[in-house]
Each structure stands twice: as C-alpha cells, then as structure tokens.
Amino acid sequence: MSTLLQAADGMSLKNKALFFFALTVLLTLTAAGAVLHGGPPAAVLAVLTFLLCSLAVALFCFQLSVSRPLADLNAAVRNMIDGRLDHLSRIKRKDEIGRLSESVNDLAINMQEVLLFAWNHSQQSCVLLEQIAERLDTLPEAGESLDGIREELAHLQQDNEDLKTIVMSFSYFEIRLEHERMLAEADCCGDGSCGPDSACRQRHN
Amino acid sequence: MSKRVLVVDDSSMMRKMIVKLLQPPGHIVVGQAKNGLEAIELYKSLQPDIVTMDITMRDMDGLAAAKEILRFDKEAHIIFLSNLDEETYRAEVEKLGARGFASKHKAREILDMIEEEERSGGAGS
C-alpha cells in the first residue's frame, strides 16, 4: 500500500488528471452500456453511484493536490513580496507544483543574494568614504575649494545609508544583518547584544 | 594548471558568477550543486580537485556537507565562499579542515585562494 501511495505522490498532475479522466470515461461507458443493454436497474444505479462517488473523490483530490498547495504557494510569494525572504515555500513534491515551489524559492534566494551583495558593497563604500573624509579634514585649510567635495562626500554617505536601510528592511533566509556584520541566523554576536527576536536569544532563554 | 572544480551554492545566480570567474583562467567546472546533499553526491561521483562551498543553504548547509565530504575523503580541498562575516567564521571553517574562506563578492580573493592551492601542490594533478 505504501508503495502505491509513493507512486501516486510522484505522479505528475497531468498524469493524475489523465488517470481520472480515463476512469470517468470507463465508468460512463460501463453505465451507458448497462442502460443500453437493458440491464437490471440496480446494476445501472450501482454503476452511476460509483461514477458520482469517483467524481466526488476526484474533486476532493483536486482540492488537496492543486487548490490548497497553490494557495499555500501564493501565501509564501506574498511573504516574499513583503520583504520576508526567510519565509520560503515549504511545499516539497515531485510534481509540477513541487517544481514551481522550488523555482519560487530559487528566485527568493537569488534576490537575497543581490540584496546582500548591495549591503556588502555599501558597507565597504561607507568605510572608504569615511577615510576620504578624514583625509580631507587633515589637509591644510583650503577653504571653499574643498567644501564642494565635502558636500559631495556627504551626499554619497547618505546614499549609502539609504541603500543599507532598504536592504535592512528585508528579512533573510538564515542570515541576519547586525552591528555592521552579516551573521548566520542561529549565531550570537557573542557580546550579548543580539536583538530580542534573534534565534540564539530564543534558544538561550 | 587548470583545476576541476565543483561549485556549491544555493543561488543559481551566484553559481553562474563563480563559473564565469573560473573559466578565463582555464579551470573546468565539472559540476554544480545547490545544497549540501547534492554536493556530497556529486563529490563522490566526480572527485573534483577543488570544491567551492557556500555556508547557508537549504536542506543541508555547507559546514555539514564539508564534514561529510572530509569524512569520505580526508584530502578534499574545500574553499568556503560566503557573505558571512569573515572574522566570525574563518576559524570555524579552518578547524573543520577546509582550505580557506573567501568573500563571495571578492572575485580576486577566490582566484588567489585557488592559485595558492596550486602552489602548495595540493589540489589533484
């Protein structure tokens, strides 16, 4: 029995639909045959009842196999749209919906990669800009000629901060951004300064 | 000398970038894995010279996969490529037996690490 269930689980949606279509056609033809040949009404009724029950089961299976997983997948995608890239789809199936779920997760991970790349580079840019600003401050007084450069630097620093703010408004799969560092979600900073919702704090409490 | 490399990262975009990085110096990417489980399977079948390994991945992370690969082959050459803070994780990956840790976003660092492997006479033929 478990082998049958495993086989059913691995069957594609298209094949499942074809199977139910074939079963429905067979039952319908059987019922039609029974009616045409003037078979006993009880037999005809039995076949028709069986046919209706099969259609009801098919509808229930459709709800389980297609409608509900698609609703769950939609909920996962909405989470990602809202910036919660740590809420990946949990659907693991070997059919078309399983593959769609995996593709959605792959897309979320790629998006995470781009955002973390941007965060990393803005971090490095911040450091360089601060160094340039410090060097400018040590130069002999050059008056207004350097004021323009200082102003441009301040704009660049603000742009960097704005970019970091956007990136930090997302939540990431197994990664958190804390104290200018990128850490695995389960790891503590080690200095007791983890946020109240961090996984390590929850583990230790 | 070109090396046979297995690239492991859950981001298809990052795998593509690493492949593009490795090809001009003449390295051959023999396989790509998106999680630790696939990495272990591919390592056993492909026996690459070098493995570039991400840390955070779905299903099985890079640290667990590296432990398993090193259990299978003590001489495996694994270089961790990650976004994570180097100061925090370098010691941990080296304790595991990996050859190094490089930032995913610093292309030069990755190539330097592979060249260092070549110079030390380590990775394969």
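As a starting point, this report considers the structure included with it. None of the values given here were measured: they were computed from a predicted structure.

Rules behind the numbers
- Residues numbered from 1 in each chain as written.
- Chains lettered and ligands numbered in written order.
- Predicted model: local features only at pLDDT ≥ 70, side-chain atom pairs only at ≥ 80, totals over all residues.
- Heavy atoms only, no water.
- Pairing = 2+ DSSP bridges.
- Helix = DSSP H or I, 4+ residues; strand = E, 2+ residues; numbered from the N terminus.
- Axes fitted to C-alpha atoms, helices over the stretch in contact; angles between N-to-C directions.
- Buried < 20%, exposed > 50% of the residue type's maximum accessible area, 1.4 Å probe, protein only.
- Arc of directions from axis to C-beta.
- Contact = heavy atoms within 4.5 Å.
- Polar contact = N/O pair within 3.5 Å; in protein donor to acceptor, adjacent residues only side chain to side chain.

Here's the deal with the sheet that holds strand β3 (residues 50-53) of chain B
The strands making up a sheet associate through backbone hydrogen bonding, with each pair oriented either parallel or antiparallel.
Residues and elements named next belong to chain B.
Working step 1: Spatially, β2-β1-β3-β4-β5 is the arrangement adopted by the five strands of the open sheet, whose pairing is parallel. At either end of the open sheet lies a strand with only one pairing partner, and these are β2 (28-33) and β5 (100-103). When strand polarity is set aside, the average angle formed by the axes of neighbouring strands in this sheet is 25°.
Working step 2: Here three bridges tie β3 to strand β4 (residues 78-82), and the two strands are oriented parallel to one another. Along β4, the bridge assignment pairs V51 with I78.

Focus: the environment of L100 of chain A
Working step 1: Locating L100 of chain A in the fold gives a position in helix α4 (residues 96-138).
Working step 2: Expressed as a C-alpha distance, the spacing of L100 of chain A and S67 of chain A, which sit 33 residues apart in the sequence, is 14 Å.

Structural notes on the pairing of strand β1 (residues 175-178) of chain A
Consecutive side chains of a regular strand alternate in pointing toward one face of the sheet and then the other.
All names here are of chain A.
Working step 1: Burial of β1 is two-sided: the residues I175 and L177 facing one way and the residues R176 and E178 facing the other way are all buried.
Working step 2: Relative to strand β2 (residues 181-184), β1 runs antiparallel, the two being bridged by four bridges. Following the sheet pairing, R176 is matched in β2 by L183.

Structural notes on helix α2 (residues 36-46) of chain B
All names here are of chain B.
Working step 1: Of all the residues in α2, the buried ones are G36, A39, I40 and Y43. Each buried residue of α2 lies within a common arc of 100° when the element is viewed along its axis, so the set occupies one face. In this structure, α2 carries E41 and S45 as exposed residues pointing more than 90 degrees from its buried face.
Working step 2: Where α2 is buried, its residues meet β1 (4-8), β2, β3 and α3 (62-72).
Working step 3: In this structure N35 caps α2, since a side-chain oxygen of it lies 3.0 Å from the backbone nitrogen of L37.
Working step 4: Count one or two residues on from α2 and you reach Q47, which has phi positive near 45°.

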